[in-house]
Amino acid sequence: MLENFDIRTLAICYGIFCCTQFVAFFLQHKVSKHEEGLGWWTVGSGCAVLGFFIFLFRNIHSVHSIVVFTYNLTFILCFLFIYIGCVKFNNLTIKKYTLYSITLLATIFLLYFTYANYSIPLRRTTTSFACALISILSVTALKHKTPNERSVIFDFLKVLFAVNAFWFSALALLPLLAASAPVLFEKPSPLILSYLLLITTSTLWTFGLIILVNQKLSNQLQTSKLFLQSTLDGLTASIALIEEHGEIILTNKAWRDFAASNGVAPERVSEGVNYLTSCESAASSCCSDALAFAEGLKRVLKGNEALFSMEYACHSPNQQRWFLARVTRFPCQGPTRAVVSHENITERKLMEIALEESNKQLEVMTNEDGLTKISNRRHFDKMLSYECSRHSRS
């Protein structure tokens with residue numbers, strides 16, 4: 001059945017798949033620039049693409065040797081960079097001396113079997129053996145982050161690289177074990193199987209590695225969100241994150257507790273609710289503070305102001321309460337975001353009221369005689385100055 005496959009067609013198909021993988025890694029790298037492993041995978045697939053285009057010139061006699069040598073070397077480098085990407089992705093240590101040894105020996109043998117003793121089978125043996133060793137290293141690099149972590153993708157990629165290692169090992173040993181290596185390699189079956197295997201496994205590991213990156217990004221995003229949520233929950237002020245149209249994205253514990261303790265329905269002030277609409281609805285019920293706050297929130301969301309603040313009273317049947325409301329434009333790229341906070345300033349407000357009353361009482365005391373309660377000279381001078389001023393205006 002394998003005789004029905006054309007090697008040239010398979011080689012071209014493999015080159016096209018390499019180009020597709022390079023584009024996939026490159027686009028993912030543009031999205032996830034801080035993921036170092038992804039950059040190495042992009043370079044690795046780029047080496048495969050480079051080797052494919054170089055191999056198109058193999059029939060030019062003057063450059064045939066260098067084309068063949070470069071093609072085999074880029075093939076090895078592709079697997080090498082894929083391994084380095086796996087190590088970087090998992091924050092492991094690269095086995096430098098092992099890589100140096102494999103690359104150096106492979107380069108020496110490729111040079112020898114290309115220029116000194118031209119041999120296609122032994123050149124394939126060298127390339128296959130080097131790729132098999134690097135595939136084994138890739139299996140060891142695909143470790144779970146923690147002992148309890150379970151990832152189907154990690155295990156799936158291990159199987160792919162293990163299959164590659166097994167097949168390349170078999171392909172490397174076939175010429176050595178056969179009685180006549182040149183005769184064996186004149187049959188296209190091993191080479192055809194190699195191309196079919198590479199087309200399948202390289203495509204699958206491309207999908208697998210990209211899924212790993214997206215899983216990591218998703219976990220990092222979830223961790224950041226939990227950290228942000230726990231930080232907000234530790235604050236005493238009631239805080240909500242509002243998007244550009246006024247919809248609530250995130251609230252903290254103080255915000256939810258305040259709503260629950262005041263009998264406010266959660267669906268009116270929780271995530272997904274348009275807070276701006278709620279404020280405007282309250283303003284329509286003759287609440288001037290809500291109207292002023294809604295207008296200030298609009299100005300911040302439109303970018304007319306970076307900060308808006310106001311104090312307002314929100315008394316309950318059993319307690320007088322005052323709050324300081326702040327709307328701050330969130331410093332981030334992309335859509336507009338605003339942080340809304342309501343801080344209880346009742347204690348400060350009561351102290352201000354008490355201080356004002358004390359000042360009034362003190363002023364009264366300074367205008368009267370302590371024994372007779374009759375207005376003193378200070379009060380007389382004050383009233384005289386007032387009357388003179390009033391007379392001059394009239």
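**Concerning the overall build of the protein**
For the protein, the count of helices and strands is 14 helices and five strands. A total of 394 residues make up the protein; the buried ones form 39% of that total. Taking the contacts inside the protein whose residues are at least 6 apart along the sequence as the reference set, 56% of them involve residues at least 24 apart. Counting every atom, the protein has about 23,200 Å² of accessible surface; 64% of that belongs to carbon and sulfur.

**Quick look at the packing of aromatic side chains**
In this structure the tally under the stated criterion is 21 aromatic pairs. The interplanar angle of 45° and the centroid separation of 6.4 Å between the aromatic rings of Tyr71 and Phe75 together place this pair among those described as tilted. Highlighted residues: Tyr71 and Phe75, both in helix H3 (residues 64-89), separated by four residues, approximately one helical turn. The exposure class of Phe75 is buried, given its relative accessible area of 11%. Relative to Phe168, the ring of Phe75 lies with its centre 6.2 Å away and its plane at 80°, an arrangement referred to as edge-to-face. Of the two residues, Phe75 sits in helix H3 while Phe168 sits in helix H6 (residues 152-177), which places them 93 residues apart along the sequence. A relative accessible area of 3% means that Phe168 is categorised as buried. An aromatic cluster of at least three residues, connected via ring pairs, comprises Tyr14, Phe55, Tyr71, Phe75, Phe79, Phe161, Phe168, Tyr195 and Trp205. Arg123 extends its terminal NZ or CZ atom over the ring of Tyr118, reaching a point 4.6 Å from the ring centre. The ring of Phe89 is capped by Lys216, whose NZ or CZ atom sits 4.8 Å from the centre of that ring.

**Here we look at the pairing of strand S3 (residues 307-313)**
The side-chain alternation of S3 yields one buried face, formed by Phe308, Met310 and Tyr312, and one unburied face, formed by Leu307, Ser309, Glu311 and Ala313. Both S3 and strand S4 (residues 322-329) contribute to a ladder of seven bridges, which runs antiparallel. Its bridge partner lying in S4, Leu307 is registered against Thr328.

**Looking at the nonpolar core**
Formed by 52 residues in total, the largest nonpolar core has its most connected members in Trp41, Phe79, Tyr83, Leu157, Trp205, Leu209 and Leu212. At the level of secondary structure, the elements contributing two or more residues to this core comprise helix H1 (7-31), helix H2 (36-55), H3, helix H4 (96-116), helix H5 (120-141), H6 and helix H8 (189-233). Discounting chain neighbours no more than four positions away, the residues touching Leu157 are Leu142, Trp205, Gly208, Leu209 and Leu212. With 22 residues, the next largest nonpolar core counts Ile242, Trp255, Val269 and Phe308 among its residues.

**Here we look at the confidence of the model for the protein**
Per-chain confidence: the protein averages 83 in pLDDT, with 86% of residues scoring 70 or above. Per-residue pLDDT stays below 50 along residues 179-186; that stretch engages in ten contacts with residues further than four places along the chain or on separate chains.

**Looking at the environment of Thr93**
On the secondary structure map, Thr93 appears in the loop between H3 and H4. Spatially, the C-alpha atoms of Thr93 and Ala141 are 9.0 Å apart, while their sequence positions differ by 48 residues. Discounting residues that sit within four places of it in the chain, Thr93 has contacts with Tyr83 and Val87.

**So, the side chain of Arg123**
Mapped onto the secondary structure, Arg123 falls in helix H5. Residue contacts for Arg123: discarding those within four places in its chain leaves Val68, Asn72, Leu110, Phe113, Thr114 and Tyr118.

**Looking at the environment of Glu35**
With respect to the secondary-structure elements, Glu35 resides in the loop between H1 and H2. Take Glu35: its relative accessible area is 8%, and that puts it in the buried class. For the pair Glu35 and Phe89, spaced 54 residues apart in sequence, the C-alpha to C-alpha distance is 7.3 Å. Setting aside chain neighbours within four positions, we find Glu35 in contact with His29, Phe89, Val213 and Lys216.

**Some words on the pattern of salt bridges**
In this structure the tally under the stated criterion is eleven salt bridges. Between Glu36 and Lys88 there is a salt bridge; the shortest N-O distance is 3.7 Å. Of this pair, Glu36 sits in helix H2 while Lys88 sits in helix H3, placing them 52 residues apart in sequence. For Glu36, a relative accessible area of 46% puts it in the partly exposed group. Note that Glu352 and Lys349 form a salt bridge whose closest N and O atoms lie 3.9 Å from each other. Placement of the pair is Glu352 and Lys349 together in helix H13 (residues 346-366), with a separation of three residues, close to one helical turn.

**Let's talk about the side chain of Glu243**
One can find Glu243 in strand S1 (residues 238-243). Among buried Asp, Glu, Lys and Arg side chains, Glu243 stands out as unpaired, with Arg337 the closest opposite charge at 5.0 Å. Among the polar contacts made by the side chain of Glu243, one reaches the main-chain amide nitrogen of His245 at a distance of 2.9 Å. Those residues within four positions of Glu243 in sequence are excluded, and the remaining contacts are Ile249, Leu301, Thr336 and Arg337.

Cut-off values and rules
- Residues numbered from 1 in each chain as written.
- Predicted model: local features only at pLDDT ≥ 70, side-chain atom pairs only at ≥ 80, totals over all residues.
- Heavy atoms only, no water.
- Helix = DSSP H or I, 4+ residues; strand = E, 2+ residues; numbered from the N terminus.
- Buried < 20%, exposed > 50% of the residue type's maximum accessible area, 1.4 Å probe, protein only.
- Contact = heavy atoms within 4.5 Å.
- Areas by Shrake-Rupley, 256 points an atom, 1.4 Å probe, with all protein chains shown as cover.
- Phe/Tyr/Trp six-rings, centres within 6.5 Å; stacked < 30°, edge-to-face > 60°.
- Lys NZ or Arg CZ within 6 Å of the ring centre and 35° of its normal.
- Pairing = 2+ DSSP bridges.
- Core = buried A, V, L, I, M, F, W, Y, C linked by side-chain atoms within 4.5 Å.
- pLDDT = per-residue confidence, 0-100.
- Salt bridge = Lys/Arg side-chain N within 4 Å of Asp/Glu carboxyl O.
- Lys, Arg positive; Asp, Glu negative; His and termini not counted.
- Polar contact = N/O pair within 3.5 Å; in protein donor to acceptor, adjacent residues only side chain to side chain.

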